[in-house]
Amino acid sequence: MENNRYKYGEVVSVQEAANQIGVSHMTIYRWIRSESIIYITFGNLSFIPVLEVRRQKMIRDRNLQEIQIKNGSGVVDRTTPEHNKE
């Protein structure tokens, strides 16, 4: 996404959004069900706006940085409750 190959108003598939954010596609579907992410549906297919993917990635990156700071190391402790909030 950082290469700006997408234009304003474009959407990506759930799988592509998951890859770019760094979560599983099932997490994206959970976020859709809980209305925690902006999405667009065409028929029975869901797509995520590129700007929403960028926003979610920034949130995730910030949360991971906070976890690293709390741990006092550059290693993320994936057993902490903060990491498992997805």
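Check the entry above for the structure.
Quick notes on the rules
Residues numbered from 1 in each chain as written. Predicted model: local features only at pLDDT ≥ 70, side-chain atom pairs only at ≥ 80, totals over all residues. Heavy atoms only, no water. Salt bridge = Lys/Arg side-chain N within 4 Å of Asp/Glu carboxyl O. Helix = DSSP H or I, 4+ residues; strand = E, 2+ residues; numbered from the N terminus. Buried < 20%, exposed > 50% of the residue type's maximum accessible area, 1.4 Å probe, protein only. Polar contact = N/O pair within 3.5 Å; in protein donor to acceptor, adjacent residues only side chain to side chain. Arc of directions from axis to C-beta. Contact = heavy atoms within 4.5 Å. Pairing = 2+ DSSP bridges. Axes fitted to C-alpha atoms, helices over the stretch in contact; angles between N-to-C directions.

Just give me the short version of the pattern of salt bridges, but keep the residues and values in it.
Using the criterion set out here, one finds 2 salt bridges in the structure. We note a salt bridge from Arg55 to Glu52, for which the minimum N-O separation is 2.9 Å. Within this pair, Arg55 and its partner Glu52 are both found in helix H3 (residues 50-71), separated by 3 residues, close to a single helical turn. The class for Glu52 is buried, based on a relative accessible area of 4%. Between Lys57 and Asp61 there is a salt bridge, and its shortest N-O distance comes to 3.4 Å. Of the two residues, Lys57 and Asp61 are both situated in helix H3; the distance of 4 residues between them amounts to about one turn of the helix. Exposure remark for Asp61: the relative accessible area of 31% places this residue in the partly exposed category.

Go over the environment of Glu52, please, and point to the residues and values.
Residues Glu52 and Tyr39 lie 13 residues apart in sequence; the distance between their C-alpha atoms is 8.2 Å. At 3.2 Å, the side chain of Glu52 and the backbone nitrogen of Ile38 are in polar contact.

If you had to explain helix H1 (residues 14-21) to someone new, which residues and values would you point to?
Here H1 has its buried residues at Val14, Ala17, Ala18, Gln20 and Ile21. Along the axis of H1, the buried residues cluster in a sector spanning 165°; they form a single face. Looking at the buried residues of H1, the elements they touch are strand S1 (11-13), helix H2 (25-33), strand S3 (45-49) and H3.

Residue-level account of the sheet that holds strand S2 (residues 40-42), with values.
Strand order in this open sheet of 3 strands is S1-S3-S2, and the pairing throughout is antiparallel. In this open sheet, the two edge strands, each paired with only one partner strand, are S1 and S2. Geometrically, the sheet is characterised by an average inter-axis angle of 40° between neighbouring strands, direction not taken into account. Bridging between S1 and S3 involves 3 bridges; their strand directions are antiparallel. The residue of S3 that forms the bridge with Val12 is Ile48.

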